[in-house]
Amino acid sequence: MSDTHAQTVPFVRDTMLPEAEPPASEMGAVKWIRENLFNGWVSAVLTVLSIAVVAFLVYELFPWFANSVWNANSLTECRQILDGATGACWAVIRVNWLQLIFGFYPPDLYWRPILAFVLLIVAVAPVLFPAAPKNLLYFSAVYPFLAVWLLWGGTIWGVLVAAMGFGVGYLALRLLGSFGTLIQTGGAVIAALVWWILLAAPIIDVLSAALPIGIEAVPSREFGGFMISIIIGVAGIALSLPLGILLALGRQSNMPLIKGVSVVFIEFIRGVPLITLLFTASLLLNYFLPPGTNFDLILRVIIMVTLFATAYMAEVIRGGLAALPRGQYEGADALGLDYWKAQRLIIMPQALKISIPGIVNTFIGLFKDTTLVVFIGLLDPIGRASAIRATSDWQGIYWELFIFIGAVFWVFCFGMSRYSMYLERRLQTDHR
Amino acid sequence: MAMDSGAPQRSFTLGMLLYDTRYRSYTIQIFALILLMLGAAWLVDNTIRNLAALGKDFSFDFLWSTSGYDISQRPIEYDSTYTHGRAAIVGLLNTLILAVMACVTATVIGVIAGVLRLSKNWIVAKLMTVYIETFRNVPVLIWIIVVSAVMSESMPAPSAFRGDTPDASMLFDSIAITNRGVYVPGPLFDNSLGTVSVLGVQPSLDIIAVIVVLALSIWANVRLVRHAAKVQNATGIRPKTWWKSILILLAPITILLFALGFHLDYPELRGFNFQGGIQMRNSLLAMWLGLSIYTAAFIAEIVRAGILAINKGQTEAAYALGVQPSKTMRLVILPQALRVIVPPLISQYLNITKNTSLGLAVGYMDLRSTLGGITINQTGRELEGMLLMMLIYLLVSLAISGVMNVYNNRVRLKER
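Quick caveat: nothing in here was measured; it's all calculated off a predicted structure.

**Some points on the overall build of chain B**
Summing up its helical and strand segments, chain B has 12 helices and 7 strands in all. A total of 416 residues make up chain B; the buried ones form 28% of that total. Long-range contacts, defined here as pairs at least 24 residues apart, represent 63% of the contacts in chain B between residues at least 6 apart.

**What to know about the packing of helix 8 (residues 282-309) of chain B against helix 10 (residues 325-355) of chain B**
All names here are of chain B. Following both chains from N to C, one finds helix 8 and helix 10 inclined at 165°, their axes separated by 8 Å at the closest point. The orientation of helix 8 relative to helix 10 falls into the category roughly antiparallel. Between helix 8 and helix 10 lies a crossing whose hand is right-handed. Across from L291, T295, F298, I299, I302, V303, A305, G306, I307 and A309 in helix 8, the residues of helix 10 making contact are A337, V340, I341, P344, L345, Q348, N351, I352 and N355.

**Observations regarding the domain arrangement of chain B**
If you check the domain split of chain B, you get domain 1 (60-147 + 281-416) and domain 2 (191-256). Here the C-alpha centroids of domain 1 of chain B and domain 2 of chain B sit 28 Å apart.

**Concerning the sheet that holds strand 7 (residues 278-280) of chain B**
All names here are of chain B. Read across the sheet, 3 strands follow the order 1-2-7 without closing on themselves; strand pairing throughout is antiparallel. A strand with exactly one partner marks an edge of an open sheet, and here the two such strands are strand 1 (176-178) and strand 7. On average, adjacent strands in this sheet sit at an angle of 20° to one another, irrespective of strand direction. Judged from the 3 bridges that link them, strand 1 and strand 2 (residues 181-184) form a sheet pairing that is antiparallel. Within strand 2, the position partnered with A176 by the bridge is Y183.

**What about the nonpolar core?**
If you look at the biggest cluster of nonpolar residues, it comprises 146 residues, and the most contacted ones within it are A:L278, B:W143 and B:I144. For B:I144, the residues in contact, after removing those within four places along its chain, are B:A286, B:M287, B:G290, B:L358, B:A361 and B:V362.

**Digging into the UniProt feature "domain: ABC transmembrane type-1" (unreviewed entry) in chain A**
UniProt marks residues 226-420 of chain A with the feature "domain: ABC transmembrane type-1" (unreviewed entry), using the numbering shown here. Each end of residues 226-420 of chain A is marked by a C-alpha atom, and these two atoms are 23 Å apart; helix forms 80% of the span and strand 0%.

**What to know about the UniProt feature "transmembrane region" (unreviewed entry) in chain B**
Sequence positions flagged by UniProt for "transmembrane region" (unreviewed entry) are, in local numbering, residues 26-44, 96-118, 130-151, 207-225, 246-264, 284-310 and 386-407 of chain B. As a span, residues 207-225 of chain B carries 100% helix and 0% strand, and end to end its C-alpha atoms are 27 Å apart.

**Comments concerning helix 17 (residues 399-427) of chain A**
Between the first and last C-alpha of helix 17 of chain A there are 41 Å, a value that for 29 residues agrees with the 42 Å anticipated at 1.5 Å per step. Listed in full, the buried residues belonging to helix 17 of chain A are A:E400, A:L401, A:I405, A:G406, A:F409 and A:C413. Against helix 4 (91-102), helix 15 (356-369) and helix 16 (381-390) of chain A together with helix 5 (140-154) of chain B lie the buried residues of helix 17 of chain A.

**A closer look at the environment of B:D20**
All names here are of chain B. Here D20 lies in the loop between helix 1 (16-19) and helix 2 (21-54). Accessibility expressed as a C-beta count within 10 Å gives 14 for D20, which makes it partly exposed. Between the C-alpha atoms of D20 and I299, which are 279 residues apart in sequence, the distance is 49 Å.

**Description of the interface of chain A and chain B**
Counting from both sides, the interface comprises 44 residues of chain A and, opposite them, 45 residues of chain B. For the side of chain A that touches chain B, the secondary structure elements donating two or more residues are helix 2 (41-66), helix 10 (256-271), helix 11 (274-288) and helix 17 of chain A. Per-element accounting of the side of chain A that touches chain B gives the leading share, 9 residues, to helix 11 of chain A. Residues belonging to the side of chain A that touches chain B are distributed by class as follows: 30 nonpolar, 13 polar and 1 charged.

**What about the domain arrangement of chain A?**
Interfaces are often sized by the accessible area lost when the parts come together. For chain A, the assigned domains are domain 1 (28-66) and domain 2 (224-432). On a C-alpha basis, the centroid separation for the pair domain 1 of chain A and domain 2 of chain A is 40 Å.

**Structural notes on the packing of helix 7 (residues 157-175) of chain A against helix 8 (residues 181-210) of chain A**
Residues and elements named next belong to chain A. In the contact formed by helix 7 and helix 8, the axes pass within 8 Å of each other and the chain directions differ by 150°. Considering their axes alone, helix 7 and helix 8 lie roughly antiparallel with respect to each other. Between helix 7 and helix 8 lies a crossing whose hand is right-handed.

Quick notes on the rules
Residues numbered from 1 in each chain as written. Chains lettered and ligands numbered in written order. Predicted model: local features only at pLDDT ≥ 70, side-chain atom pairs only at ≥ 80, totals over all residues. Helix = DSSP H or I, 4+ residues; strand = E, 2+ residues; numbered from the N terminus. Buried ≥ 20, exposed ≤ 12 C-beta atoms within 10 Å, placed from the backbone. Contact = placed C-beta atoms within 7 Å. Axes fitted to C-alpha atoms, helices over the stretch in contact; angles between N-to-C directions. Parallel < 35°, antiparallel > 145°, perpendicular 65-115°, else oblique. Left-handed = near helix turned anticlockwise from the far one by under 90°. Domains from an automatic or database assignment. Pairing = 2+ DSSP bridges. Core = buried A, V, L, I, M, F, W, Y, C linked by C-beta atoms within 7 Å. UniProt positions renumbered as here; feature names shortened; annotations may be inferred. Expected span 1.5 Å × (residues − 1). Nonpolar A, V, L, I, M, F, W, Y, C, P; charged D, E, K, R; others polar.

This is the structure we're talking about:
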């Protein structure tokens, strides 16, 4: 068939045509706009709407930002400078930013929280980044005690004796080495508890009387602003991960009692709002402790926030444990590893890797939830902002303070979520 | 010849309680139980001693004494002469109303934002990314306070609606947005059936009749569709149902509303304020909008993750089988995506319900502000009030997570 008309074709091209440019609608910016902005009429309508929204926002907000006033001592002064035009009065941040960051912390001692924050970065570096020298981990272990001492001040013996509790526990662990793991662990825990509960207070008294080394003490009620959010957030984050792992293992345990207690704890904490737990810390804790005991409000809040985050953390990690194929557990058993070795070497490294997004989300949630402490009278940024707005100089100012506070929180939380993406990429081992 | 019967039988020794995995778990559990009971006894003993020292007893009698405070938003009849218990119920209802409203709007906004973030339209996708990242990473408390400030600072006062050329005007001549709240038209019935009294609450019979008729219509329609499916399975021909569905769903409710003389009550400016219609207070609006836009950002991410989680091969396989695109979405993609989406979605609903307790920040009278706030302050019953409040929150949360577990068990993939 195909050769039937071969001789009758009147014309056959025997040279190549020069390459032509693609049509204008299929190249460059036009093509991009056609494909990404006007791909069908729904897309076109959405594009026009979006541009309208953006234009409206810019039109409304640009003058406000463009006319910003940075130098003024009160809102009235701001308005005089603006002379009727709309404009932001960032002077409120400029005048009050130290208060927003440090609360009523004594100004001549600002170097202490700043130093604590800088050292915090040094302390977390070996945990966060593989490039950091591993020896820094020793500093990370010391850092919590150092930070407490720097922030609250007072005699150095308090934190040193508290730190020695761990040494006492370790000593007990070595001394009981011949008795098997169960007795060893129990003995170490009991020794440390005895040290902290019974011996610590008198030893601190004796030592601080004998060698009064210390720096000026700062009471908790002078803490405030972002400092308090960061203290509660960092403490909660550092404590809730290990406790959450234990609780998740408890919930997965074969022992009915351990499992039951874990389930009840997790479901109770997850079932009530954080704010009720904070009120419990501020109103009810005095009922549950021996008469006459009274301890620091920030410490109580840290305990409650930690318990709250621990329950969520446990559920996130349980998700990671459940996502592991059964073969991993069976493989660990087949190798003859005992429970803790199997968890430490086989299960947890994989389960934690799977749960990274959830863990970091819990951290972010915890950090954002630190704003709730304003309800029990701690002067966190929002509390400071209300106090600033209540002064006669700044009465009637809203947006500048909220935008500043929101922006600072945004930077921290967005940073954490980006870090979690980086960590996921770094730990990715499957082939994609 | 005697066969060796495996491991030698060893008699029980005390050391096995520690070293034999068959018995060790009992040792650990008994030890844990003792510790737990000691701890509980310590707490209870402390509480009793503290209560005695303060000269207080442990009793819930305060729930039946006169409250003496007013609540601005009352779903059921209430004033300051009613009891603290009644105030707590009003607070709980306010909590639930706010939670349901916020869940609905957050879901709608979240689904739209999540789908649009996956859109091929560059500017829309970028805008949604900006929205989600902005709202997710700033505490919800700030959003609630910001919305509250917008409502009370930037909206016109009712007096701005006055005069022939007012500064502000009502939306569609029916919705007035003022700095005292938003006024929307409310339903009114001319031939009302009156109210009934159930357990001290007077629900309107009209509303009940409307709900009952709607429920019956929906039930009848479900029956109709099931019957059609059965006929289709048996004979291969699906009977036409669309006009029957419309008739069943719309006719009874129209007749009922007509018989009851249903019409809308529009808000009107009288004196210094709007009268008529339903007033949504600033506190409710701030909580509702603040919680909605904040949680919607999370829901958007959940929806996006759910859609992305479905393997592309599923769509291709459905096309290869000759299934239409719309049916592919409905029968293949959505059921699988929902399995991924629904559990975290319900846990967001739980979060909304718990976050309603932030109402304190803007003066919304929810359970925390009534029972856990004013009642506790007035009666000095912190312990009882807090315990009761936690119990109620816990029951609400457990009810929601119970629904989630039922769903999870129904759609779970069966593994070994």
